[in-house]
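# Per-entry structural report
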Amino acid sequence: MRAIVLFGSPGSGKGTQAKFLTECLRVPHVSTGDMLRDRIRSGSELGTAVVATMHSGGLVSDQVVNLMVEERLSKPDAAKGFVLDGYPRTLAQAEHLCRWLDGRGVREVVIHLAVDYNVIIGRLTGRRECPRCGTLYNVAFHPPKMDELCDLDGEKLAIRDDDREPVIRERLDAYGHQTRPVLEYYRTVGRRVVEVEASDDPPPIVFQKICQAMEKDDRSKDSR
Ligand code: AMP
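Everything quoted here is computed from the prediction, not taken from an experiment. (Residues numbered from 1 in each chain as written. Predicted model: local features only at pLDDT ≥ 70, side-chain atom pairs only at ≥ 80, totals over all residues. Heavy atoms only, no water.)

Moving on to the state of the cysteines. Across all of its chains, the model carries zero disulfides by this definition. Lacking any disulfide linkage, Cys24 is separated from the closest cysteine sulfur, that of Cys211, by 5.4 Å. Free cysteine Cys133: the closest other cysteine sulfur is in Cys130, separated by 3.7 Å. (Disulfide = S-S within 2.5 Å.)

Looking at the protein, the domain boundaries give domain 1 (2-115 + 167-223) and domain 2 (118-159). Interface of domain 1 and domain 2: buried area, both sides summed, is about 760 Å²; carbon and sulfur atoms make up 62% of it. A per-residue breakdown of the area domain 1 buries against domain 2 is headed by Gly11, Val115 and Ile168, which together make up 50% of the total. At the boundary of domain 1 and domain 2, one finds zero salt bridges. Viewed at the interface, domain 2 and domain 1 are joined by four residue pairs in polar contact (both at pLDDT 80 or more). Taken together, the residues of the side of domain 1 that touches domain 2 sort by class into five nonpolar, five polar and one charged. (Domains from an automatic or database assignment. Buried area = accessible area lost by both parts, 1.4 Å probe. Salt bridge = Lys/Arg side-chain N within 4 Å of Asp/Glu carboxyl O. Polar contact = N/O pair within 3.5 Å; in protein donor to acceptor, adjacent residues only side chain to side chain. Nonpolar A, V, L, I, M, F, W, Y, C, P; charged D, E, K, R; others polar.)

Taken as a whole, this structure holds three aromatic pairs when the rule is applied. Between Phe7 and Tyr175, the aromatic rings sit 6.2 Å apart at their centres with planes inclined by 50°, giving tilted as the arrangement. You can see Phe7 sitting in strand β1 (residues 2-7) and its partner Tyr175 sitting in helix α7 (residues 165-188), a full 168 residues away along the chain. Here the two residues Phe7 and Tyr175 agree in accessibility, since each one is buried. (Phe/Tyr/Trp six-rings, centres within 6.5 Å; stacked < 30°, edge-to-face > 60°. Helix = DSSP H or I, 4+ residues; strand = E, 2+ residues; numbered from the N terminus. Buried < 20%, exposed > 50% of the residue type's maximum accessible area, 1.4 Å probe, protein only.)

Set out below in structure tokens:
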């Protein structure tokens with residue numbers, strides 16, 4: 001079973017790399033951000049409860065997110081593995097996930113996408129999303145063919161509410177205070193953490209680096 005945790009700041013490219021990984025490994029992409037946005041779009045009770053927190057850039061409660069992830073990972077399509085994107089984001093979530101995986105005899109591999117702060121700011125402020133199909137663009141790094149229009153369906157692109165500047169600051173703050181310590185936790189308890197430098201390379205090259213780093217880590221695990 002392949003249990004992969006993609007770890008990194010907002011704007012580090014987790015979503016893009018998760019798509020490459022899930023296509024390559026044929027396992028589901030479990031993004032807590034996407035799942036919460038789906039709940040908001042469908043007007044569910046949970047969606048209504050979390051919308052204000054999400055739009056402010058803060059973190060949704062551990063209890064809500066832990067339960068949502070547990071339910072998702074228990075579905076049959078996740079039996080062979082999954083790629084977690086945006087979870088765990090707090091120590092309580094990391095401990096919860098470790099217990100859940102330990103209970104099933106599964107060892108995760110954490111992939112840390114390391115990206116410089118200034119690169120992150122450029123990516124987040126330039127991000128645009130198609131409101132119809134969800135495709136992501138960046139005005140500087142990955143612009144649409146026609147100015148501000150989606151390549152796939154021609155819809156006018158939008159700035160996601162949580163990509164506006166005060167919200168970006170809040171999200172990076174939440175990352176620094178609540179999420180970054182999770183990486184230290186994984187290292188301290190001796191779980192597998194793979195480092196990938198992802199500031200400068202285009203996404204396909206970052207993906208190659210991830211594959212190489214995972215293979216190297218697999219070999220060193222086998223020889224331990
Ligand atoms: P993302 O798309 O991963 O950047 O997530 C967007 C927003 O969803 C975050 O700013 C949080 O408000 C919320 N969110 C996503 N994942 C989590 C999580 N694991 N724990 C708490 N809140 C989350």
